[in-house]
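Remarks on the overall topology
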Amino acid sequence: MQTLGRNDSLRQGDLKRFYDEAKDVRDALGLWDNVLLLSPTGEHLFNLLRPFGTKLPPLPQPEGPVTATRTRGPYVSNALRGRVDTDWLMFMNYPVIIDGEVKY
């Protein structure tokens with residue numbers, strides 16, 4: 001997650017390019033089922049299980065990105081019910097800090 005957070009396309013705000021690159025990383029590593037990009041307030045910006053630009057539902061546990069933004073550190077959720085394609089899931093939120101500000 002640290003490496004994804006340092007990605008140039010993300011730092012430049014090119015979310016479509018970052019979506020494609022995050023998908024490549026997810027597929028190559030085989031460690032995660034999904035990668036989401038969230039705003040500091042928990043808004044879904046994208047979900048790799050859906051085409052880029054798809055309108056997504058609110059997060060079931062928005063305190064993760066809010067906590068990661070506040071603490072500037074990782075946040076790991078408890079197990080919770082998913083709302084897109086997964087029955088059960090855990091969120092691991094990692095803040096992306098650009099120019100001293102949490103952007104994602």
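Because the structure is predicted, anything quoted here is derived from the model rather than measured. (Residues numbered from 1 in each chain as written. Predicted model: local features only at pLDDT ≥ 70, side-chain atom pairs only at ≥ 80, totals over all residues. Heavy atoms only, no water.)

1. Observations concerning the pattern of salt bridges
Going through the model one piece at a time under the given rule, you end up with 5 salt bridges. As a salt-bridge pair, aspartate 20 and lysine 16 come within 2.8 Å of each other at their nearest N and O atoms. Taken as a pair, aspartate 20 and lysine 16 lie in helix H3 (residues 15-29) at a separation of 4 residues, close to a single helical turn. The exposure class assigned to aspartate 20 is partly exposed, which follows from its relative accessible area of 34%. (Salt bridge = Lys/Arg side-chain N within 4 Å of Asp/Glu carboxyl O. Helix = DSSP H or I, 4+ residues; strand = E, 2+ residues; numbered from the N terminus. Buried < 20%, exposed > 50% of the residue type's maximum accessible area, 1.4 Å probe, protein only.)

2. Regarding helix H4 (residues 63-71)
The periodicity of an α-helix, 3.6 residues per turn, causes residues three or four places apart in sequence to face the same way. All of the buried residues along H4 are Gly64, Pro65, Thr67 and Ala68. Viewed end-on, H4 has its buried residues packed into an arc of 160°, placing them on one side of the element. Contact partners of the buried residues in H4: strand S1 (36-38), strand S3 (75-76) and strand S6 (92-93). Positive backbone phi, approximately 60°, marks arginine 72, located one or two places after H4. (Arc of directions from axis to C-beta. Contact = heavy atoms within 4.5 Å.)

3. Here's the deal with the packing of aromatic side chains
All told, the structure shown has 4 aromatic pairs when counted by the stated rule. Ring plane angle 55° and centroid distance 6.3 Å describe the contact between phenylalanine 46 and phenylalanine 52, whose orientation is recorded as tilted. A relative accessible area of 1% means that phenylalanine 46 is categorised as buried. Ring-pair connections join several aromatic residues into one group, and the members of that group are Phe18, Tyr19, Phe46 and Phe52. (Phe/Tyr/Trp six-rings, centres within 6.5 Å; stacked < 30°, edge-to-face > 60°.)

4. Some details on unusual backbone geometry
The phi torsion at arginine 72 lies on the positive side, around 60°, for a residue other than glycine. Structurally, the position occupied by arginine 72 is in the loop between H4 and S3. For arginine 72, a relative accessible area of 43% translates into the label partly exposed. If you check the backbone angles, aspartate 99 has positive phi at about 50° while not being a glycine. Following the sequence through the fold, aspartate 99 ends up in the loop between strand S7 (97-98) and strand S8 (101-102).

5. Considering the side chain of asparagine 93
For asparagine 93, the position within the fold is in strand S6. Non-local contacts of asparagine 93, meaning those with residues more than four positions away in its chain, are made with Leu38, Gly64, Pro65, Ala68, Gly73, Pro74 and Tyr75.

6. Some thoughts on the confidence of the model for the protein
Counting all residues, the mean pLDDT for the protein is 88, and 95% of those residues have values of 70 or more. No element of the protein has a lower mean pLDDT than strand S4 (residues 80-81), at 76, and none a higher one than H3, at 94. (pLDDT = per-residue confidence, 0-100.)

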